Amino acid sequence: MSRIIGIAPVLPDYAYSQLEITEELGSFLTADASKRAVLARLHAGTGIGTRYTALPIDAYRDLGSFGTANDHWIRVGTDLAERAVRHALVAAGLEPADIDHLFFTSVTGLSAPSIDARLIPRLGLRPDIKRVPSFGLGCVAGASGLARVHDYLLGRPRDIAVLLSVELCSLTVQRSDDSMANFVASGLFGDGAAAVVIAGAERAAELGIAGPEIIDSRSGFYPDTSDVIGWDVRDTGFQIVLSSGVAAAIEANFEPDVSAFLAGHGLTVADVGAWVAHPGGPRVLETFATGLGLPESALAASWDSLNRVGNLSSSSVLHVLADIGAQPAATNGLLFALGPGVSAELVLLRWAA
């Protein structure tokens, strides 16, 4: 199986407490004092202590047009991407020229050439590198990216691939939008990036680097949920679509998907020792745990990541994977996330003894 041999979570330079962010956003999201009180209550209930932003906090008052915000996404995002890939390669003991395949994902900005292409001269990547930039998977893309890279490496067992996620959620903030969806989203999402180096089975055996194997993956698309989470693209940029239907979709579909997936490998929930859950928010994590019958401690790494950095969209589950790190004994792991659709991705991992 392919093996994860290096991972690097990175964050922008600007960090603020949740209270600081709430006070700043309140100044331009609504002039209504009663609605500001609702905003403060929603933000305080997220379980988030700190978030990182692409720009200084006061720059968001007059961020300007969608085009201006997107220019910041390209500039800051490319810098974070370069840092993440460099650090991940150091962790794997490899050089930029060793990368055969680069899978890039983001749902918070657009560019052509894409950020992965912009990295070729900056990192010294080979001109024959295979690239797959992806947009639209949203929060599920960290898990889906691992799965699709693994699919590629099954046919290229001597190759080295990198999954790169860059999400600058703060640049999508909609000023003068006092909708409940915008209030909730403005309290949850943060900025960050991550790069993961994955080696095909033959190359991994040669390198002899410890790290979890990717055993298998399962995708799910839940019916009648296209209006539950996503973006509406407007003149002002990306306007959040977010409803309480996320929890309902998890309750109706997630446990059967997990149980069937594990059963295909002769496993049950009790056989999973490492849970790598996307920290979508308190309600999402609680619904994951309740549906699977897990104790609160099982998702401790995800709760901790939510507190320290917020929901980083597709980068979040990769940050949690980095936080979990090595396991003290042979362990089965399940990494998972949800995204627009509602869609789900489950990735079965195995840490060797």
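Source: prediction; values computed, not measured.

Visitor: Before we move on, could you go through the pattern of salt bridges and cite the residues and values that matter?
Guide: Pairing between side chains becomes possible if they bear opposite charge and their charged atoms approach one another. Applying the stated criterion across every chain, the model contains 18 salt bridges. The partner of D100 in a salt bridge is R126, with the nearest N and O atoms 2.9 Å apart. Of the two residues, D100 sits in the loop between α3 (66–92) and β4 (101–105) while R126 sits in the loop between α4 (115–123) and β5 (130–134), which places them 26 residues apart along the sequence. Across the salt bridge formed by R158 and E202, the nearest N and O atoms sit 3.8 Å from each other. Highlighted residues: R158 in the loop between α5 (141–155) and β6 (160–168) and E202 in helix α7 (residues 201–207), separated in sequence by 44 residues.

Visitor: Now, about the nonpolar core: what can you tell me, with residues and values included?
Guide: Ranked by internal contacts, the top residues of the largest apolar core, which has 47 residues, are Y60, V85, L164, L168, L171 and V197. Within the residue set of this core, elements represented by two or more residues are β1 (3–10), α1 (18–29), α3, β4, α4, β6 and β7 (191–199). For this core, the element with the most residues is α3, which contributes 11 residues. If near-sequence neighbours (up to four positions away) are discounted, L168 is found in contact with A54, H72, W73, V76, G77, L80, T108, D191 and G192. Of all hydrophobic cores here, the second largest spans 37 residues; its members include L188, Y222, A277 and L348.

Visitor: Give me the UniProt feature "domain: Chalcone/stilbene synthase N-terminal" (unreviewed entry) in the chain: which residues, what numbers.
Guide: Here, UniProt's "domain: Chalcone/stilbene synthase N-terminal" (unreviewed entry) annotation points to residues 78–199. The span residues 78–199 is 39% helix and 23% strand, and its two end C-alpha atoms sit 24 Å from each other.

Scoring rules and cut-offs
- Note that residues are indexed from 1 along each chain, following the sequence as it is written.
- Thresholds applied to this predicted model are a pLDDT of at least 70 for local features of residues and 80 or more for the giving and counting of side-chain atom pairs; totals over whole chains, interfaces and linings are not thresholded and use all residues.
- The side-chain figures draw on all heavy atoms in the structure; neither hydrogens nor water molecules are used.
- Should a side-chain nitrogen of Lys or Arg be within 4 Å of a carboxyl oxygen of Asp or Glu, the pair is scored as a salt bridge.
- For the purposes of this entry, the term helix denotes a DSSP run of H or I that reaches at least four residues, the term strand denotes a run of E that reaches at least two, and both are numbered from the N terminus.
- Among the buried residues, those of types Ala, Val, Leu, Ile, Met, Phe, Trp, Tyr and Cys that are joined through side-chain atoms within 4.5 Å form a nonpolar core.
- When a residue's accessible area, from a 1.4 Å probe over protein chains only, is under 20% of the maximum for its type it is buried; when over 50% it is exposed; and in between it is partly exposed.
- The contact rule is simple, with two residues in contact once any of their heavy atoms fall within 4.5 Å.
- UniProt positions are given in the numbering used here, feature names are shortened, and annotations may be inferred rather than shown by experiment.

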